[in-house]
Amino acid sequence: MAEPHRVRDALRASMTAWATLTVRDDQARVTLAPDLDVLAPHLDQIDPAWSLTWACDSVTPPVVRARLSVHGTAREGLATAHTLHDAKLAALAELARSYGVRPTSDPVWVEYDPEDGANTTELETDTPAPADLPERPLPPALPRDPQMEKARRHIEDLLEQLKVAGRGGEAARILMRGYGETLEESRAIYKELHSILKG
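Since the model is a prediction, treat every value here as computed from it, not as a measurement.

Colleague: Got a sec to walk through the overall build of the chain? Specific residues and values, please.
Modeller: Looking only at helices and strands, the chain features six helices and seven strands. For the chain, the sequential pattern of α-helices and β-strands runs α-β-β-α-β-β-β-α-β-β-α-α-α. In the chain, buried positions account for 41% of the 199 residues. In the chain, 59% of the contacts between residues at least 6 apart in sequence involve partners at least 24 apart.

Following this line, the structure appears as structure tokens:
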């Protein structure tokens, strides 16, 4: 079993990248996110067999799901952003939230240049030392309930059908809140997605 506080500390130490969430004219809204190049060495020390997988739920708008597995415990983050690369960073930031790691500031607006991207040079990326934050109990890991796993597979199968039908964007907006915490919630999400497919 992974030591959650060690994963949390690794994520906190890597909060040095910026994800561009939205762009409006010459302004971009950015949020702090983990830098994978900084995070990877920390995770190597915790579990040499850790894995991070990505799933693109939608290309337009870019919606990406990040799934981190450490010592067999998996957590996910789902986010949308300006580009697929930014959505990957934002999904990693959402994943960090599941470990209780939050950016030191809310998303901010900065200057944006189409060639150079968001100007984050003057933004602070200092993250507080672990001791500065009160310990919070971690939310439970992803459910291992066979019925929930089956419900999740049904939703994923339906999502593939929606993508083929060109309705992936609508589905992604529904799935921004996840696949549901309970079987009833998962069934409600499935029904909502199914109604889009029926159109």
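Colleague: Before we move on, can you summarise the pattern of salt bridges with the specific residues and values?
Modeller: By the definition in use, this model includes seven salt bridges. Across the salt bridge formed by Arg65 and Glu76, the nearest N and O atoms sit 3.3 Å from each other. Of this pair, Arg65 sits in strand β4 (residues 63-70) while Glu76 is found in strand β5 (residues 73-80), placing the two residues eleven residues apart along the sequence. By the burial criterion, Arg65 is buried, and Glu76 matches it. For Arg152, the salt bridge goes to Glu76, with nearest N and O atoms at 2.7 Å. A residue pair is termed long-range when its members are at least 10 positions apart, and Arg152 in helix α4 (residues 146-164) and Glu76 in strand β5 qualify at 76 residues. Each member of the pair Arg152 and Glu76 is classed as buried. Three or more residues are tied together by salt bridges with common partners; here these are Asp57, Arg65, Arg67, Glu76, Arg152 and Glu156.

Rules behind the numbers
Residues numbered from 1 in each chain as written. Predicted model: local features only at pLDDT ≥ 70, side-chain atom pairs only at ≥ 80, totals over all residues. Heavy atoms only, no water. Helix = DSSP H or I, 4+ residues; strand = E, 2+ residues; numbered from the N terminus. Buried < 20%, exposed > 50% of the residue type's maximum accessible area, 1.4 Å probe, protein only. Contact = heavy atoms within 4.5 Å. Salt bridge = Lys/Arg side-chain N within 4 Å of Asp/Glu carboxyl O.

The values reported here are purely geometric and, on their own, carry no functional implication.
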